[in-house]
Amino acid sequence: MILVTGAAGFIGSNFVLDWLAQSDEPVVNLDLLTYAGNLENLASLENDTRHHFVKGDIGDFELLSKLLADHKPRAVVNFAAESHVDRSIHGPEDFIQTNIVGTFHLLEAVRAYWNDLADEAKSNFRFLHVSTDEVYGSLGKDSPAFAETHRYEPNSPYSASKAASDHLVRAYHHTYSLPVLTTNCSNNYGPYHFPEKLIPLVIHNALAGKPLPIYGDGQQIRDWLYVKDHCSAIRRVLEAGRVGEVYNVGGWNEKPNLDVVHTLCAILDELSPRADGNAYKEQITYVKDRPGHDRRYAIDASKIERELGWKPAETFETGIRKTVQWYLDNQVWVSNVTSGAYKNWVGKQYGA
Ligand code: NAD
Ligand code: DAU
């Protein structure tokens, strides 16, 4: 049994689907079901007794203590977080509450549970914290990619809150010997990605005939990884990672945002051409830049490859095509997740 937090969100739901496709070890899924959490992502597990969903907050120490005592997991994987940089700029408070205070309460509950385990279970237990490359800040054009030793220089309320949570996790290992693992991953894309983030937003807006907003000059660089590759990396780190270590996860796929948007437009032109025969790229619109926008992220994934033998299975070209096809095939999902609070969000960007 493993306890996975935030597994109704984008990466967490992909992780649980993947996990249960490969093993019969049950999963307890604790998720608050914020705007970003959606049980429809896990609809295929509706009658699957290996998946046990609990609605709740990682900051709820009592609930956590009860879940841990009842289910006795051998590991906790912490995905739960507020994850969208733009939202953190408009309103940082939820980010501080969930990403910092919530992670603290989760760590406290896990520490108490772990302390009381018998010797063997205690030494086999793992707390895996899922984090981001954004904690390292912004890279210069020719600087080497982020290694695990890169100093922390978070620039947005989101990345600062994730950095704080990483430090707490580290401290619980050094101070209390809690057996922790931390992964810092680059930008994910793939199925169930909420359409506030660049790739699903562009696909959604393109098909809806809306503008495709490019922040600033569109030359900011992100390093893209297909979500299932992130899931396989987390499984591998859980299985064989050295306790207390940090593993950077990435696919060596640096791309300027504008190139990503052009690629999406070209695939859509081929798979779902516009009714008027024009190209989707005509919908590209330059808008005001994100304040404090990090210019470049790039992950050096050589440690996880060298130590744990992990490599991504998808290239950007194969992964992005699968992703566009998934969105074309799952328009009902898109329309359901964009029907609620989302409507009040889109358009609030920086003068879009
Ligand atoms: P997401 O926003 O899609 O999902 C987050 C999930 O956490 C949602 O289901 C939400 O309901 C849940 N949640 C939020 N607050 C909670 C709380 N207080 N208690 C319990 N559940 C809560 O995010 P994602 O993109 O799937 O990211 C998952 C994790 O991976 C995050 O920690 C994020 O920082 C990290 N990460 C994301 C990326 C990326 O590209 N998306 C890359 C690297 C790391
Ligand atoms: O690097 C990992 C991080 O990647 C994760 O930790 C975050 O949780 C995740 O949201 C993602 O953060 P980004 O800010 O990089 O992702 P986003 O999709 O919001 O933006 C990607 C790039 O595209 C970024 O440079 C901003 C730009 N952008 C974004 C949107 C939504 C646009 O130009 N237009 C847009 O409308």
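Each remark here, short or long, concerns the structure printed above.
Below you will find a few notes about this structure. (Residues numbered from 1 in each chain as written. Chains lettered and ligands numbered in written order. Predicted model: local features only at pLDDT ≥ 70, side-chain atom pairs only at ≥ 80, totals over all residues. Heavy atoms only, no water.)

## Here's the deal with the overall build of the protein chain
- Along the backbone of the protein chain there are 13 helices and 12 strands.
- A separation threshold of at least 6 residues defines the contact pool for the protein chain, and within that pool the share at least 24 residues apart is 81%.
- Accessible area for the protein chain stands at about 14,700 Å²; split by element, carbon and sulfur atoms hold 50% of it.
- Between the centroid of the 34 positive side chains of the protein chain and the centroid of its 45 negative side chains there is a distance of 2 Å. (Helix = DSSP H or I, 4+ residues; strand = E, 2+ residues; numbered from the N terminus. Contact = heavy atoms within 4.5 Å. Areas by Shrake-Rupley, 256 points an atom, 1.4 Å probe, with all protein chains shown as cover. Lys, Arg positive; Asp, Glu negative; His and termini not counted. Charge placed at Lys NZ, Arg CZ, Asp CG, Glu CD.)

## Considerations on the sheet that holds strand S5 (residues 126-132)
- One open sheet holds the seven strands; their spatial order is S3-S2-S1-S4-S5-S6-S10, and the pairing between them is parallel. Among the strands making up the open sheet, the edge pair consists of strand S3 (51-55) and strand S10 (246-249). This sheet shows a mean twist of 20° between the axes of neighbouring strands, independent of strand direction.
- In the sheet, strand S6 (residues 180-185) pairs with S10 via four bridges, with the strands oriented parallel. (Pairing = 2+ DSSP bridges. Axes fitted to C-alpha atoms, helices over the stretch in contact; angles between N-to-C directions.)

## Topic: the site of ligand 2
- Around ligand 2 sit 23 residues in total, of which Asp133, Tyr158, Asn187, Arg290 and His293 are the nearest.
- Serine 83 is positioned such that a nitrogen or oxygen atom in its backbone is 2.7 Å from an oxygen atom of ligand 2.
- Here an oxygen atom of ligand 2 and a side-chain polar atom of asparagine 257 are 2.9 Å apart.
- In isolation ligand 2 offers 690 Å² of accessible surface; the protein chains occlude 95% of this area.
- Those elements giving two or more residues to the shell around ligand 2 turn out to be helix H3 (85-90), helix H7 (198-208) and strand S8 (212-215).
- A per-element tally of the shell around ligand 2 places S8 first, with three residues. (Near = heavy atom within 4 Å. Polar contact = N/O pair within 3.5 Å; in protein donor to acceptor, adjacent residues only side chain to side chain.)

## Topic: the side chain of threonine 182
- Examined against the element boundaries, threonine 182 turns out to sit in strand S6.
- With residues up to four places along the chain from it excluded, the contact list for threonine 182 reads His129, Ser131, Asp166, Val169, Glu245, Val246 and Tyr247.

## Observations regarding the site of ligand 1
- Taken together, 28 residues sit near ligand 1, with Ile11, Asp31, Ser83, Tyr158 and Lys162 positioned nearest.
- In the environment of ligand 1, a nitrogen atom lies 3.0 Å from a nitrogen or oxygen atom belonging to the backbone of isoleucine 58.
- In this structure, phenylalanine 79 approaches ligand 1 through a main-chain N or O atom, which is 3.0 Å from an oxygen atom.
- In the complex, the protein chains occlude 96% of the 840 Å² of accessible area that ligand 1 would expose alone.

## Here's the deal with the packing of aromatic side chains
- The full count for this structure, using the stated rule, is 17 aromatic pairs.
- Here the aromatic rings of phenylalanine 95 and tyrosine 158 are separated by 6.3 Å at their centres, their planes lie at 85°, and the arrangement is edge-to-face. With phenylalanine 95 in helix H4 (residues 93-115) and tyrosine 158 in helix H6 (residues 157-176), this pair connects stretches of sequence that are 63 residues apart. Residue phenylalanine 95 shares its accessibility class with tyrosine 158, and that shared class is buried.
- Note on tyrosine 327 and tryptophan 333: the rings are 6.2 Å apart at their centroids and 75° apart in plane angle, and the pair reads as edge-to-face. (Phe/Tyr/Trp six-rings, centres within 6.5 Å; stacked < 30°, edge-to-face > 60°. Buried < 20%, exposed > 50% of the residue type's maximum accessible area, 1.4 Å probe, protein only.)

## Brief notes about the environment of proline 73
- Its place among the elements puts proline 73 in the loop between helix H2 (61-71) and strand S4 (75-78).
- Of the residues examined, proline 73 reaches a relative accessible area of 4% and is grouped as buried.
- Separated by 133 residues in the primary sequence, proline 73 and alanine 206 place their C-alpha atoms 43 Å from one another.

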